[in-house]
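A closer look at the structure
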Amino acid sequence: MGGVIGSPGIRASGLRTGALLAAVAGLCIARAATPTRAAQPSFDDAPLLTGRDFAGLTFPIEAQPGDAILEARGGWAWSDGEARRLLLESDVRVRVGGYDFRADRAVVWIEPRDTDAGRTWSLAMYFENLRTPLAAARFSQSARRLLVTANIAGDVLLRAALLEPGRPDADPLLAEGETRLATRLTQLIAEGVTPTPGTGFGELDRAFYEAAGAPAPLDPDAPIFPRRGVVTFDGPDRTLITGETENALVITGGVVVEYADLEAGRTLLLTAQNAVVFLDPATVAETLSAGPGEVRGVYLEGNVIATDGDFTVRGPRVFYDVANDRAAMLDAVFYTFDDERRTPLYVRADVIRQESLGQWEAQRATISNVAFAEPHLSVGAKNVRVTRTRDADDGGGSRTVISARGVSLRLGNTPILPLPAIDGGFDRQTLPTVRIGTKDGDPFVSTRWDFASVFGLDADSPIEGDLLVDAFFARGPALGVDLAWATDDARGSLLAYGIYDAGEDRLTTGADLDPRREGRGLVLGEHQWRLDERWTLALEGAIISDEAFVDAFFERIAETGPEVINRLALSRRGERSLLLAQTTGVFNDFTPNEFLLQSRGFQVQRLPEVAYWTIGDTFFGGRVTYFSESRAGILKPTFVEPAIRRFGFVSPALSQAAFGITPDQSLGDALRAGGFTESTIARLDTRHEVRGAFDVGVVRVTPFGVGRLTVYDDDFEDFRAAGGFDDDEQTRAWAGLGTTFSTSLTRVYNNVESSFFDLHRLRHIIEPSATIFTSTSNIDSEGLPVFDESVESLAEGTVFRVGLTSTLQTQRGGPGAWRNVDWLVLRAEFVTSSDDTTRESAIGRFFQSRPELSRLGEFVDADATLALTDAVGVVGSIIYDTENSTLDSASVGALIDHGFGFASFAEIRRIDADVIDSTFLNFGASLELSARYAIGATASLDLAEGSFETLDLDLRRRFAQWTLEIGVNFDNVRDDVGLAVQLRPWGGERDRLRNSLSRERFFAGGAARGVAGSPYRR
């Protein structure tokens, strides 16, 4: 039996019938019957805290989206006031807020809360013998007792095989949990101790967590043997040798030495074949149990293993100097595990000395991440220091810091590459990532080195990134950095790259060009300072050596990157407003951004400009909403001056089709011929919009009006004359009025069931809508040069749009875990415009939020998505020009997860607009052959030409210490076959949060696109 009680509510399933009715009666939460407290109680009128409920308190943390799932084999259910209570027994599993907990037993409190966003649930869970084997590193811990609290916005789901009604008062865990919760609630009221807002998850019971036996913060300088605790020795054969100044206990035949630090809850276990224990002369017992002060030293030999759970040392001979708190191991192996990286660390050395609880030093050592006696790949060093720490603020997770000198990379026992000194956390990949391949038919070697390790930055340095060292055998050497940094009040990034170039560029058009200079490169950087809660200062800089460099080496920056420009900006963010003052400029007479080359053909310098936006101010009870934006500034166009052939358009047919000019002309020449000049322009622009929202029966009516006033200090006489306009207005007044009508119809089909299509019930939502909009202006938009698309390029005339969205929703997931899924979504709209509307694009688009930015005409725009099953998805879209009876754009594609590590996709795309007429078929597949091998292939086929545009093949082989990736790429446009072989040390690929200027996928047209997991990311 399963169901939903309340909305959202507590759902129970899998209960034995006899216990079900009583359990549900105890767990039912009816919305109307649930009282709420309007405010938190103060300390003066604090309620009696028994721990049986939350005493009206709500944990001051954000409600976590999603459900809380509680599972157990059995338990009890009852109510205490507003709280619904559970005591879960045997194999308890809890998933809440994206975290998994497993325990032997758990006491649970559940209370509803009514908030502005709807009903939420407050939960508290007191676990016995907790473990979190599948959780993230910060919560991957174990504890004898642990209290966890959370707020949940979804449902509370309960699955139990047997649940008895009533309160088991005799259970000691129940009383213990209520005492702990009462203590926590008292802290919230009396001490003001609250969880950190915004985490979305409740607090881990830190103090009690540590007291109950979870790992406490580790001080690396703490002694190995503190003067507390108990040392015990045991073995089958013991002989006591007494002396005047020292006694010795000789143990043979298998030795176990245990040191228990009772205060810290830490145990050090030593095992060996034989041992000699050096004792204070007053200690004579052969079965020893004594304090560290009575033990002067311990010598062990024969397969010695020492471990405390955080570190493990193996060696033939080990001596612990307890009196001086030192340890030395000969021909030893040190092992530890970094919780943050989930990575092991092995250190083999002639001598390893333990200097304190968390610090080790090794001489003539090798470092690797595998336990092989002779690892294939390792780092050798004359001296290595390993420091082990644990962060109490990170759930007790451990961190390993390494300092090494005299470092080299070794293949087997042979040094093959000298390395810089290592200083930093184990989270830094000190080994380089190496790529070997071809680019434009010529060989290259590319390497990435951890920047912080190379330059010896501190472990807590905010700078992360890579040093880039490359060699092109037909071109020359290259050097660069790809960095990002972040502090509490600032963040930024830097991409700098230079090459001594003696070769040729092969551009994306397929043209080969002489770069005309040997020293080439770029510098792209940005930095933002957070001055306070409202104000931010941003600095952005960019300089590029020549117009072809980005296309040749950083193709994705050219294709999809943001505008490359220099900028100084100061902004202030309000609750519903934004103030921006900025100055921008350029150092180059060209732009690498393809969207600027293909649109206006120039960049705009702002010297300076101030803009202000207000967003969504509401009036009359929310029925009227007001938007505005205003700007004033000095604008100066900067034309693209190099001939268009320098961008790869070397044939007249190609340059005419793309830009309407010959290869030896520049875009600047074309702009000047059209009457456009590079003189400065003063511009004042202000836009204001008012939207209403009214219900007429089941129909929502949204009228809106927009007014815009733009003033220039120039009448653009030459520009207008070239376009056939004879007016000399310097002020443009533009206005628009419109109304949108919309409604929603819903019907539910409860009897729909299909295992083939994975359907369980259907909900059909139909959303028809219609918009009519008309606008007028005293200046035709074609009579203005376009400095900003959203200011000058505005639609005029009347447009009518009618649309329909049809959604079929179903439920998937199974009993107790149902979730809503959009199974089929169909969206279609028809747009028609008046005859006086100017068509600015061959492909029409309508933007409901800003109709004046639409590309008008007469067309049908439709798309569909089908989640056929959880493993099969289909999408499609069309734009059909009904005026010219042409299919301007169409696409259809499918993605299939076949299971067993096999997935495939295919799509067809067609564009038929003006001079563009192309149809492409893209398809590919990936297959995990085993845990070690994976292959993949993608292809793009030009159906009109009947030939492949690109073909990529990938092979990945995972070894114990590295990943080998081989990629082959064929690019028919560039007439190039590329090959790349990449060797990445295990864990070497870091998933950083990087800003827009992070390093591009470097080898634009070669095999980099054919290597899975390429590190050359944007």
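First, a word on what this report is: a plain description of the structure on this page. (Residues numbered from 1 in each chain as written. Predicted model: local features only at pLDDT ≥ 70, side-chain atom pairs only at ≥ 80, totals over all residues. Heavy atoms only, no water.)

**Side note on the packing of aromatic side chains**
The final tally for this structure, using the stated rule, is 19 aromatic pairs. A ring pair is formed by Phe602 and Phe639, whose centres lie 6.1 Å apart and whose planes are at 65°; its orientation type is edge-to-face. In this pair, Phe602 is assigned in strand E37 (residues 602-619) and Phe639 in strand E38 (residues 624-639), connecting sequence segments 37 residues apart. Residue Phe639 is classed as buried on the basis of its relative accessible area, which comes to 1%. When the ring of Phe756 is compared with that of Phe757, the centres are 4.9 Å apart and the planes differ by 90°; the resulting orientation is edge-to-face. Phe757 sits in the partly exposed class, given a relative accessible area of 32%. Here a set of aromatic residues connected by ring pairs shows up, and it is made of Phe602, Phe639, Phe676, Tyr712, Phe716, Phe719 and Phe787. The cationic tip of Arg600 hangs over the ring face of Phe602; the distance from NZ or CZ to the ring centre is 5.5 Å. When the ring centre of Phe704 is taken as reference, the NZ or CZ atom of Arg691 above it lies at 4.5 Å. (Phe/Tyr/Trp six-rings, centres within 6.5 Å; stacked < 30°, edge-to-face > 60°. Helix = DSSP H or I, 4+ residues; strand = E, 2+ residues; numbered from the N terminus. Buried < 20%, exposed > 50% of the residue type's maximum accessible area, 1.4 Å probe, protein only. Lys NZ or Arg CZ within 6 Å of the ring centre and 35° of its normal.)

**Quick word on the layout of surface pockets**
Each pocket or cavity is described by its volume, and for the second largest pocket that value is around 830 Å³. Taken together, 29 residues make up the lining of the second largest pocket; nearest its centre are Gln598, Ser599, Arg600, Val786 and Glu789. For the lining of the second largest pocket, the secondary-structure elements that each account for two or more residues are helix H7 (594-597), helix H8 (652-659) and helix H9 (667-673). Looking at the lining of the second largest pocket residue by residue, the class counts come to 15 nonpolar, eight polar and six charged. (1 Å grid on protein atoms, 1.4 Å probe; cavity = no way out; pocket = protein on both sides within 12 Å on 5 of 7 lines; lining within 4 Å. Points joined across faces, edges and corners; volume = space filled by probe spheres on them. Nonpolar A, V, L, I, M, F, W, Y, C, P; charged D, E, K, R; others polar.)

**Things to note about the pairing of strand E44 (residues 759-777)**
Sheet analysis places strand E42 (residues 731-742) next to E44, joined by nine bridges and oriented antiparallel. Residue pairing for E44: Ser742 is matched across the bridge by Ser769. Pairing of strand E43 (residues 745-754) with E44, which is carried by seven bridges, proceeds in the antiparallel orientation. Counterpart to Ser754 in the pairing with E44 is Leu759. As defined by bridge partners, E44 adjoins strand E45 (residues 797-812) across 13 bridges and the pair is classed as antiparallel. Looking across to E45, one finds that Ala770 is bridged to Val802. (Pairing = 2+ DSSP bridges.)

**Here we look at the environment of Gly601**
With respect to the helices, strands and loops of the structure, Gly601 is situated in the loop between H7 and E37. A relative accessible area of 3% means that Gly601 is categorised as buried. The sequence separation of Gly601 and Pro637 amounts to 36 residues, and the corresponding C-alpha distance is 9.8 Å. For Gly601, the contacting residues outside a window of four places in its chain are Leu596, Phe639, Val640, Leu667 and Leu671. (Contact = heavy atoms within 4.5 Å.)

**Comments concerning the nonpolar core**
Ranked by internal contacts, the top residues of the largest apolar core, which has 31 residues, are Leu522, Phe549 and Phe554. For this core, the secondary-structure elements that each account for two or more residues are strand E28 (463-472), strand E30 (490-500), strand E33 (519-530), strand E34 (535-544), helix H5 (549-553) and helix H6 (555-560). Ranked by size, the runner-up nonpolar core spans 28 residues in total, among them Ala72, Phe101, Phe127 and Val156. (Core = buried A, V, L, I, M, F, W, Y, C linked by side-chain atoms within 4.5 Å.)

The analysis is restricted to geometry; functional conclusions fall outside its scope.
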